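Each chain is listed here by its residues.
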Amino acid sequence: MRKLALVAAVAVVAATTPAFAKPTICIRQDDIYNWSSPDDKHLVLENLRHQKALLTLIGTCGGFKFTETLMIRSPGAMGVSCVSRGDMVTTHDLGFRGTCSVVKIEPYTGPVGTHHGGQSGDTQNSSGH
């Protein structure tokens with residue numbers, strides 16, 4: 001009986017843990033219209049339907065204010081896949097290549113900057129194939 005109660009308690013905790021929760025926003029890799037960065041640890045993505053997500057990053061990405069091209073890679077994913085935790089963001093800035101990983105994604109309601117990936121081709125998406 002104690003084992004059954006322990007298993008039930010673990011199942012309840014696991015079900016309410018954010019790691020098991022479904023994402024609340026889906027920005028598809030092939031649907032990025034616009035992006036900006038308030039600082040070197042955050043990236044705001046906007047899709048063609050003007051849904052926005054704030055990505056928290058870890059790694060060596062930097063210089064987003066001067067970067068015109070982003071590449072988002074998700075090994076094994078396709079362009080129709082949502083940008084998700086663990087995806088890699090790569091920047092190129094004056095010969096310096098920065099790489100960081102997405103550690104958190106949350107809905108965003110603020111303004112987005114001036115990089116228009118869908119309009120001018122500045123944003124590149126790669127599925128890792």
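Check the entry above for the structure.
Analysis parameters
Residues numbered from 1 in each chain as written. Predicted model: local features only at pLDDT ≥ 70, side-chain atom pairs only at ≥ 80, totals over all residues. Heavy atoms only, no water. Helix = DSSP H or I, 4+ residues; strand = E, 2+ residues; numbered from the N terminus. Contact = heavy atoms within 4.5 Å. Areas by Shrake-Rupley, 256 points an atom, 1.4 Å probe, with all protein chains shown as cover. Core = buried A, V, L, I, M, F, W, Y, C linked by side-chain atoms within 4.5 Å. Buried < 20%, exposed > 50% of the residue type's maximum accessible area, 1.4 Å probe, protein only. Salt bridge = Lys/Arg side-chain N within 4 Å of Asp/Glu carboxyl O. Disulfide = S-S within 2.5 Å. Pairing = 2+ DSSP bridges.

Caption draft 1: Broad picture of the overall build of the chain. Per the secondary structure count, the chain includes two helices and seven strands. Pairs at least 24 apart in sequence give 61% of the contacts found in the chain among residues at least 6 apart. In the structure as shown, the chain presents an accessible area of about 7,800 Å², 62% of it carried by carbon and sulfur atoms.

Caption draft 2: Geometry of the nonpolar core. Grouped together as the largest cluster of nonpolar side chains are 17 residues, with contacts concentrated most on Leu43, Leu45, Leu55, Leu57, Phe64 and Val89. Mapped onto this core, the elements with two or more residues apiece are strand E1 (32-39), strand E2 (42-47), strand E3 (52-59), strand E4 (70-73) and strand E6 (96-107). Ranked by the residues each element gives to this core, the list is headed by E3, at three residues. When near neighbours in sequence (up to four residues on either side) are disregarded, Leu45 contacts Ile27, Ile32, Asn34, Trp35, Gln51, Lys52, Ala53, Leu55, Ile72 and Val83.

Caption draft 3: Local environment of the pattern of salt bridges. One pass over the structure, following the stated rule, counts three salt bridges. When the shortest N-O distance is used, the salt bridge between Arg28 and Asp30 registers 3.2 Å. A relative accessible area of 29% means that Arg28 is categorised as partly exposed. Where Lys104 meets Glu106, a salt bridge forms, and the shortest distance between an N and an O atom there is 3.9 Å. Classification of Lys104 as partly exposed rests on a relative accessible area of 41%.

Caption draft 4: Examining the state of the cysteines more closely. Under the definition given, this model contains two disulfides. Here Cys26 engages in a disulfide with Cys82; their sulfurs sit 1.8 Å apart. Of note, the bridge from Cys26 to Cys82 carries an S-S torsion of about -90° and is left-handed in sense. Remark: Cys82 occurs in the loop between E4 and strand E5 (88-93) and Cys26 occurs in the loop between helix H1 (2-16) and E1; sequence separation between them is 56 residues. Residue class for Cys26 comes out partly exposed when judged on its relative accessible area of 27%. In this model, Cys61 is linked to Cys100 through a disulfide, with the two sulfur atoms separated by 2.1 Å.

Caption draft 5: Region of the structure containing the environment of Glu106. Summarising the element assignment, Glu106 is placed in strand E6. Given the relative accessible area of 27%, Glu106 is considered partly exposed. Spatially, the C-alpha atoms of Glu106 and Val44 are 9.7 Å apart, while their sequence positions differ by 62 residues. Not counting residues within four places of it along the chain, the set of residues in contact with Glu106 comprises Ile25, Lys52, Ala53, Leu54 and Thr56.

Caption draft 6: Quick peek at the pairing of E1. Among the eight residues in E1, six count as buried, and that is most of the element. Where E1 lies against E2, five bridges are found, and the strand directions are antiparallel. Looking across to E2, one finds that Asn34 is bridged to Glu46. Hairpin connection, E1 to E2: the antiparallel pair is bridged by two residues.

Caption draft 7: Geometry of the environment of Gly113. Note that Gly113 resides in the loop between E6 and helix H2 (117-120). For Gly113, a relative accessible area of 30% translates into the label partly exposed. Considering only alpha carbons, one finds Gly113 and Trp35, 78 residues apart in sequence, at a separation of 6.4 Å.

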